[in-house]
Every structure is written in C-alpha cells, then in structure tokens.
Amino acid sequence: MVEGVTRDDLRAAVASGVIDEAQAVSLQTLSDQRMGYRANMVGDDEPFELFKGFAEIFVTVGIGLLMSGFIGLTALLGDAIFIPLVGLVVSWGMAMYFTKKRRMSLPSIALCLSFAACAAFLIWAIVADDFGRMNATHTIMIGVVGMATMIGYFAFFRLPFTMFVVGVFGIVTTLGIVDLIDGTALQTRGALTDFFDLRESPLLAIGTLVFGVLAFLAALYFDTKDPHRVSRYASTAFWLHILAAPALVNTLVMSNYTMGGIGTVIAIIVLTLFTLLAVIIDRRSFLTAGLIYMGLLIAQAIGDTGTEWAPVLTTLVLGVFVTALGAFWTQARAAIMGALPDFPGKDRLPPYSAGLAVSE
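Note that the structure is predicted; figures quoted are calculated from it, not measured. (Residues numbered from 1 in each chain as written. Predicted model: local features only at pLDDT ≥ 70, side-chain atom pairs only at ≥ 80, totals over all residues. Heavy atoms only, no water.)

1. Side note on the overall build of the chain
For the chain, the helix and strand inventory stands at 14 helices and zero strands. By the burial criterion, 43% of the 360 residues in the chain qualify as buried. A separation threshold of at least 6 residues defines the contact pool for the chain, and within that pool the share at least 24 residues apart is 65%. Accessible surface, the chain as shown: approximately 18,300 Å² in total, 70% of it carbon and sulfur. (Helix = DSSP H or I, 4+ residues; strand = E, 2+ residues; numbered from the N terminus. Buried < 20%, exposed > 50% of the residue type's maximum accessible area, 1.4 Å probe, protein only. Contact = heavy atoms within 4.5 Å. Areas by Shrake-Rupley, 256 points an atom, 1.4 Å probe, with all protein chains shown as cover.)

Written out as structure tokens, the structure is:
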C-alpha cells in the first residue's frame, strides 16, 4: 500500500525551500482527508525538536567556545561597549549559515540566545550611560527595544524559538512597568509564590496575568494557522505556550489556593478549566504547569483524612491521572470536542474526528 506524506517529509520540504508553509499545511490536510487522520497520525502529535543529533551538540559547543573567544579578545583590545557589538555581528553572521542555510536546531537556539543577550547588553550600555545603574525606565526600554529587535530576528530567520525570547523581553517590560508604577512591588517577599498572589502582590500578579493572556493569544494565532502541526507555526506556538501556561496557571490558581476554604474550591475549578482548555487546543503545557497545584490539592484532601500515607497516595493518584490522560489523550479529546457545540475557531483547531476516538 502506498503511504501518505509524513510530517517529517513536509518539514524537510519546507526547510529546504521546495514548498512554503502554507502549501505544506494544504498538502497535509489533503493527505489526512484521503487516508484518515488516525492512520496518518504520528506518535507525537505535539512536535518538539531541540536537536537532531549529537552533531548539533558538537557544533553548539564550538559556537560557545568561538563566541567566548571573540568576546574575550574584544574585552582585551577594545572598550566594553564593543563587546555586545561584536557579539551581535558574530551571532548574526553564524546564524546566516547555521540557521538560514543549514536549519540546525540547537545551534540556531544558541545563536538566538547569544544575539538576544548581546542586544540586551548593548541597549543597557546605551540607555544607562555605558552600563550604569538601572532604573524602571531603563528596564522598560530594554524590554521594548529587545522585543522589537527579536521580532525582526524572527521575521528574517523564521526561527520558532525566537518568539520565546520575545516573550522573555516581554516579561522584562512587564517588570519595568510594575516597578515604574510602584517601586516597592518587586521587593523581596516571604516566598517566591507571593509574586503570583493577587492579594500579596496585586500589581505584579496583574502584570503577570496580562502577559500570560497576550502570550496565549499570540500562541493561539500561530496554532490556528497550522492545525495539522506540520510547519514552523506550530513550533512557534509551542514556545509561546511554554511562557503563557505558567503565567496564567500560577497567577489564577495560586491566588485562590492560598485563601483556603472557598479559595481551594475555586482553585480546583480553575485547574479543571485549564485541563479542559489544554485538551481543546491540544496543548499539554497548561496541564503540565498545573501539576504542582494538582498535587498540593490532592495532598490536602488526602491529608485531611488523617492518614500518614498522604505523600505516597498523592503520588499514586496524580500518577494515575497523568498516565491515563496521556495514554488516552486523543480519545478523550475526540469525545470532549464532539460533545462541545460549535464555537468560533473550532474548525481551526487540530482535527479530532475521523477515528480519533477509536481505540488503538
């Protein structure tokens, strides 16, 4: 029997320039419709690729050594402000080969991080008078200019990981704005979790919440452009979900969990909604971000019974839940999506019918 076009084939075709991303999505859609999505579905339906082989690790180590050498040489021969300038030029030059031409994953990520770090230091040197003391305004400028710079980097190299770096600069901007409004908002709290609590740090928690919503909407935009997860749109969305999930889950669940009583009930409801959202959009990021809180809530419920086995039972219950959901994710998603009424954008989410609910 002649097999359909695999997602690896399409990713290779896009990377080599044989077809563009829109054509890849259209071709995969046609193939899925003709053969049935379940029969053509790969084992990992949320693709993630950090590196393709040890050769990429080897090259990345070489890039790290080369960048260190260039930076060290610049520090010995020139003024400090030339260090990030040289780093920018060298990072961009190597990205032209390893990212633009070779499409190597790990080296491209390393070069993106190098370029972003050098850009941040250069902006700092410019806005703070040659690496002077930082204030809230400087932080905002670094965040905003950094985001603009990395968006330009993404537009040129089309590297999905770049949007994660854009999000990091977005976090920097958020922290700067919070600090500008209230200079005491970022002062040390009793625990790190207090920073996400709307009662303990309302301004910072609201900033984190707004950032999470914006990151989630951006991720959803890229997801809906590639429902079959065959192009760089899906990979770009993946990195944005990595930022959005903890920002939203930590803020909304922590703020309720620390209240106790009715807050615990609300936290359970919020976690349930995030689990449902994760299944609907076919992204496990939100579920992963909520595992700690699920464990705390289960431990609290078991602990209230007075048993000394609470830690062990918590691990078992949480393990059963995660393993079962992971094993029957596609079947559960098909049932949930089939039960939900039509809503705007439902047809732009990953397919869930055509045999997805059939046991493998």
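2. Topic: the packing of aromatic side chains
Geometry of an aromatic ring pair is reported as the spacing of the ring centres plus the angle between the planes. Tallied over the entire structure, the rule returns 16 aromatic pairs. An angle of 40° between the planes, with centres 5.8 Å apart, marks the rings of Phe121 and Trp124 as tilted. Taken together, the residues span about one helical turn, with Phe121 and Trp124 both in helix H5 (residues 105–127) at a distance of three residues. Note on Phe164 and Trp239: the rings are 5.6 Å apart at their centroids and 70° apart in plane angle, and the pair reads as edge-to-face. With a gap of 75 residues between them, Phe164 in helix H7 (residues 162–181) and Trp239 in helix H9 (residues 232–257) connect regions that are remote in the sequence. The same class applies to Phe164 as to Trp239, namely buried. (Phe/Tyr/Trp six-rings, centres within 6.5 Å; stacked < 30°, edge-to-face > 60°.)

3. Observations concerning the nonpolar core
Counting 38 residues, the largest nonpolar core has Met94, Leu111, Cys112, Met150, Tyr153, Phe161 and Val165 as the members making the most contacts within it. Secondary structure elements with two or more residues in this core: helix H3 (54–77), helix H4 (82–101), H5, helix H6 (136–157), H7, helix H8 (202–225) and H9. In terms of residues, this core owes the most to one element, H5, which gives nine residues. When neighbours within four sequence positions are excluded, Tyr153 is seen to be in contact with Trp92, Ala95, Leu111, Cys112, Phe115, Arg158 and Thr162. Counting 27 residues, the second largest nonpolar core, distinct from the first, contains Ala244, Ala267, Tyr293 and Met294. (Core = buried A, V, L, I, M, F, W, Y, C linked by side-chain atoms within 4.5 Å.)

4. Here's the deal with the environment of Leu214
Mapping Leu214 onto the fold places it in helix H8. Measuring from C-alpha to C-alpha, the distance between Leu214 and Gly170 comes to 9.8 Å, with 44 residues separating the pair along the chain.

5. Digging into the packing of H7 against H8
Their axes nearest at 10 Å, the elements H7 and H8 cross at an angle of 155°. It follows from the interaxial angle that H7 and H8 lie roughly antiparallel. As H7 packs across H8, the resulting crossing turns out to be right-handed. Contacts between H7 and H8 involve Met163, Gly167, Gly170, Ile171, Thr174, Leu175, Val178 and Ile181 on the former and, on the latter, Leu203, Leu204, Gly207, Thr208, Phe211 and Phe222. Residue classes in the contact of H7 with H8 are distributed as nine nonpolar, five polar and no charged. (Axes fitted to C-alpha atoms, helices over the stretch in contact; angles between N-to-C directions. Parallel < 35°, antiparallel > 145°, perpendicular 65-115°, else oblique. Left-handed = near helix turned anticlockwise from the far one by under 90°. Nonpolar A, V, L, I, M, F, W, Y, C, P; charged D, E, K, R; others polar.)

6. Here's the deal with helix H10 (residues 262–281)
Taking 1.5 Å per residue, 20 residues should reach 28 Å; H10 reaches 29 Å between its end C-alpha atoms and fits that length. Backbone geometry just downstream of H10 places Asp282 in the positive-phi region, at approximately 60°. (Expected span 1.5 Å × (residues − 1).)

7. So, the pattern of salt bridges
Scanning all chains against the criterion turns up two salt bridges. Of the charged contacts in the structure, one is a salt bridge between Arg283 and Asp223, with a shortest N-O distance of 2.8 Å. Note that Arg283 is positioned in the loop between H10 and helix H11 (285–289) and Asp223 in helix H8, a separation of 60 residues in sequence. Across the pair, Asp223 and Arg283 agree in class, each one buried. For Asp342, the salt bridge identified is with Lys346, shortest N-O distance 3.9 Å. The exposure class assigned to Asp342 is exposed, which follows from its relative accessible area of 73%. According to the relative accessible area criterion, Lys346 is buried, its value standing at 6%. (Salt bridge = Lys/Arg side-chain N within 4 Å of Asp/Glu carboxyl O.)

8. What about a nonpolar patch on the surface?
On the surface, a nonpolar cluster with roughly 600 Å² of combined accessible area is contributed by Met259, Ile262, Val265, Ile266, Ile269, Leu273 and Leu276. Looking at Ile262, the relative accessible area reads 56%, which means it is exposed. (Patch = residues over 30% accessible without salt bridge, like charges linked within 9 Å, V, L, I, M, F, W, Y side chains within 5 Å.)

9. Considering H5
With 23 residues, H5 ought to run about 33 Å at 1.5 Å a step, and its terminal C-alpha atoms sit 33 Å apart, in line with that. At the C-terminal side of H5, Asp129 shows a positive phi close to 55°.

10. Focus on the confidence of the model for the chain
The predicted model of the chain averages 80 in pLDDT, with 81% of residues at 70 or higher. Mean pLDDT values for the elements of the chain range from 64 in helix H2 (residues 21–35) up to 94 in H6. In the model, residues 36–44 has pLDDT below 50 throughout and makes 21 contacts with residues more than four positions away in sequence or in other chains. Note on residues 354–360: pLDDT under 50 across the span, and 17 contacts to partners over four residues away in sequence or across chains. (pLDDT = per-residue confidence, 0-100.)

11. Concerning unusual backbone geometry
A positive phi angle, close to 55°, is found at Arg103, a residue other than glycine. Relative to the helices and strands, Arg103 resides in the loop between H4 and H5. At Asp282, a residue that is not glycine, the phi angle is positive and equals roughly 60°.

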